[in-house]
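# A look at the structure
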Amino acid sequence: MRAYDGAWVGWTGSPDDAPPPFSTDDMDLVPVPLSAEEIALYYEGFSNATLWPLYHDVIVQPEYHREWWDAYRAVNQRFARAAAEVAAENAVVFIQDYQLQLVPQLLRELRPDLKIGFFLHIPFPPTELFAQLPWRRQILEGLLGADLVGFQRAGAASNFEALAENFASATLVDETLVLDHGREVLARSFPISIEVEEVAKLADDPDVQQRAATVREEVGSPKYILLGVDRLDYTKGIGHRLKAFGELLAQGDITPEEAVLVQVATPSRERVEAYQTLRDDVELAVGRINGDYGRIGHPAVHYLHSSYDRPELVSLLLAADVMVVTPLRDGMNLVAKEYVSARSDLRGALVLSEFAGAADEMGDGAFLVNPHDIDGLKRTMLAAMRLAPDEAEQRMKLLRDHVLSHDIGRWATEILTALRAI
Ligand code: GDG
């Protein structure tokens, strides 16, 4: 937002909080209010208990409630009006993510002069799953209000094209969706990335490096530190990771002196029921492993249910011998890219789920894995721990070649250039 000249229209994150537009930190912000009831129905409900599980392979059963849908429509309408009010003549409006899928069409009705882009940060499901949604046609028509619909993976763009043909009377002609009245919509993948510089700078900071060394001592100076950093979300495969790690200890493939797992699980969506159940399940699994294999002062799993500042997070990335990223489904996964950006020392190994969008770009250097295959996951975690330094270096070089040259700035340039070219 700072690199481009524009206003950011968004919710502040607290109920009934709608200060007038203001500027801060080199950005112009336009707050849109949500009431406590809308947060429950629109945000925790339709966004996070209907769309989120539906778009992530139905790992948890999505709930379909008509009141949630009504709230989703009303809030999308409010965002569309707010954007219509502040956008200049012929401006570009770039709409982000699954909470706002109706905005492209609603905004086009209000302001046909605008150029409208949309980017979905999470996966877009295949017809077999998306077809469950009682409001499938409305969501597709909402998205088709954009000129350009961007996805993380090429497969997601194909899913969208097939669905738009099936349920929303669009026709695919030469990779462009053509609507009834002739308007064209382009669906394409634009894999998102991170601000590589920010992470690299922190990783170069002597204080951060010193902290990484202290972390290693604090967890008992083991041979291997395995690290997971995730929002505590059922899509992230934290349970599968714990199961594999626990079995490696149980079978004596590794000892608790040799290897520890540090798992940062940032609190997330704590009022949504599935997240409360997940927290119980994860904490039970951590307790079991530590009960069986920990000693006084030396747990096998260091489980951290809190969020940390960026320097602390980068210290952890530097301390980790193996970064374990095992989502069951993930739009991209930025943590994998952050790990690689931090490792200018060319050490460490990345275990990466093939179900993360990042697998499309990082398959050459990472250890790709199917997290459902617990034996495969165990073998892969072991191989990553025992990786010879020269092979680790080769793999990390391949990873860094890609990530360092594909940062968030490049993503923004590519998607906005594609949008302007339409
Ligand atoms: C969605 C999609 C897609 C985590 N804990 C702390 C912390 N984090 C930071 C990480 C990373 C970010 O949060 C998480 O990004 P992810 O990509 O891993 O996952 P989601 O939150 O699910 O993001 C995902 C992404 O959108 C972008 O399109 O990649 O697939 O699900 O940057 O480092 N940051 C701090 N303290 C923490 O404790 N400061």
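Up top is the structure these notes are about.
In short, a report on the structure. Sequence positions are assigned chain by chain, starting from 1 and proceeding in written order. In keeping with the predicted nature of the model, local features appear solely for residues at pLDDT of at least 70, side-chain atom pairs appear and are counted solely at 80 or more, and the whole-chain, interface and lining totals rest on all residues. Only hydrogens and water are set aside; all other atoms, that is, all heavy atoms of the structure, feed into the side-chain values.

### Structural notes on the overall build of the chain
- Per the secondary structure count, the chain includes 16 helices and 15 strands.
- Only C-alpha atoms enter the radius of gyration; for comparison, a globular chain is expected to reach 2.2 Å times N to the power 0.38, where N is the number of residues. Radius of gyration (C-alpha) of the chain: 22 Å, near the 22 Å computed for a compact globule of 422 residues.
- Seen through its C-alpha atoms, the chain measures out along the principal axes to roughly 65 × 45 × 40 Å.
- Within the chain, the proportion of its 422 residues that are buried is 53%.
- The long-range share in the chain, meaning contacts at least 24 apart out of those at least 6 apart in sequence, stands at 71%.
- All accessible areas in this document rest on Shrake-Rupley with a 1.4 Å probe, and a residue is counted as covered only by the protein chains that are shown. Of the roughly 18,600 Å² that the chain leaves accessible, carbon and sulfur atoms contribute 49%.
- Charged side chains of the chain number 39 positive and 65 negative; the gap between the two group centres comes to 2 Å. Only DSSP runs of H or I reaching four residues or more are called helices, and only runs of E reaching two or more are called strands; each is numbered from the N terminus. Working definition: with a 1.4 Å probe on protein chains only, accessible area under 20% of the residue-type maximum means buried, over 50% means exposed, and in between means partly exposed. Note on contacts: a residue pair is in contact if any heavy atoms of the two residues lie within 4.5 Å. The sign given to each residue is positive for Lys and Arg and negative for Asp and Glu; His and the chain ends receive no count. By convention, the point assigned to a charge is CZ for Arg, NZ for Lys, CD for Glu and CG for Asp.

### Digging into the packing of helix H11 (residues 310-319) against helix H12 (residues 334-342)
- Relative to each other, H11 and H12 sit at 75°, their axes nearing to 9 Å. When the axis of H11 is compared with that of H12, the two are roughly perpendicular. Of H12, the residues touching H11 (which contributes Arg310, Val314, Leu317 and Leu318) are Glu338, Tyr339 and Ala342.
- Split by residue class, the contact of H11 with H12 holds 5 nonpolar, no polar and 2 charged. Throughout, an axis means a line fitted to C-alpha atoms (over the contacting stretch in the case of helices), and angles, computed between N-to-C directions, take values from 0 to 180 degrees. Angle categories: roughly parallel below 35 degrees, roughly antiparallel above 145, roughly perpendicular from 65 to 115, and oblique for all the rest. Each residue gets one label: Ala, Val, Leu, Ile, Met, Phe, Trp, Tyr, Cys and Pro are nonpolar, Asp, Glu, Lys and Arg are charged, and the others, such as Gly, are polar.

### What to know about the side chain of asparagine 290
- Looking at where asparagine 290 falls in the secondary structure, it is placed in helix H10 (residues 273-293).
- Definition of a polar contact: a pair of N or O atoms within 3.5 Å, with one able to donate and the other able to accept a hydrogen when the atoms are protein atoms, and with sequence-neighbouring residues admitted only if both atoms are side-chain atoms. At 2.9 Å, the side chain of asparagine 290 and the backbone nitrogen of alanine 300 are in polar contact.
- Among all residues touching asparagine 290, those that are not within four sequence positions of it are Pro299, Ala300 and Val301.

### What to know about the packing of aromatic side chains
- Aromatic contacts are taken between Phe, Tyr and Trp rings whose centres are within 6.5 Å, Trp giving its six-membered ring; a plane angle under 30 degrees counts as stacked, one over 60 as edge-to-face, and the others as tilted. In total, this model carries 17 aromatic pairs according to the counting rule given.
- A centroid spacing of 5.6 Å and a plane angle of 65° characterise the contact between phenylalanine 46 and tryptophan 135, whose relative ring orientation is edge-to-face. A residue pair is termed long-range when its members are at least 10 positions apart, and phenylalanine 46 in helix H1 (residues 36-55) and tryptophan 135 in the loop between helix H4 (127-130) and helix H5 (136-143) qualify at 89 residues. Just as phenylalanine 46 is buried, tryptophan 135 falls in that class too.
- Grouping aromatic residues by their ring pairs yields a cluster made of Tyr42, Phe46, Trp69, Tyr72 and Trp135.
- Placement of a charge over a ring requires the Lys NZ or Arg CZ to be within 6 Å of the ring centre, with the centre-to-atom vector within 35 degrees of the ring normal. When the ring centre of tryptophan 52 is taken as reference, the NZ or CZ atom of arginine 269 above it lies at 4.0 Å.
- Above the face of the phenylalanine 367 ring, arginine 395 is positioned so that its terminal group lies 3.8 Å from the ring centre.

### Let's talk about unusual backbone geometry
- One non-glycine residue, aspartate 97, lies in the positive phi region at around 85°.
- Among the structural elements, aspartate 97 can be located in the loop between strand E4 (92-96) and helix H3 (103-110).
- In the Ramachandran plot, leucine 346 falls in the positive-phi region, its phi being about 60° despite a non-glycine side chain.
- Looking at where leucine 346 falls in the secondary structure, it is placed in the loop between H12 and strand E14 (349-353).
- Of the residues examined, leucine 346 reaches a relative accessible area of 17% and is grouped as buried.

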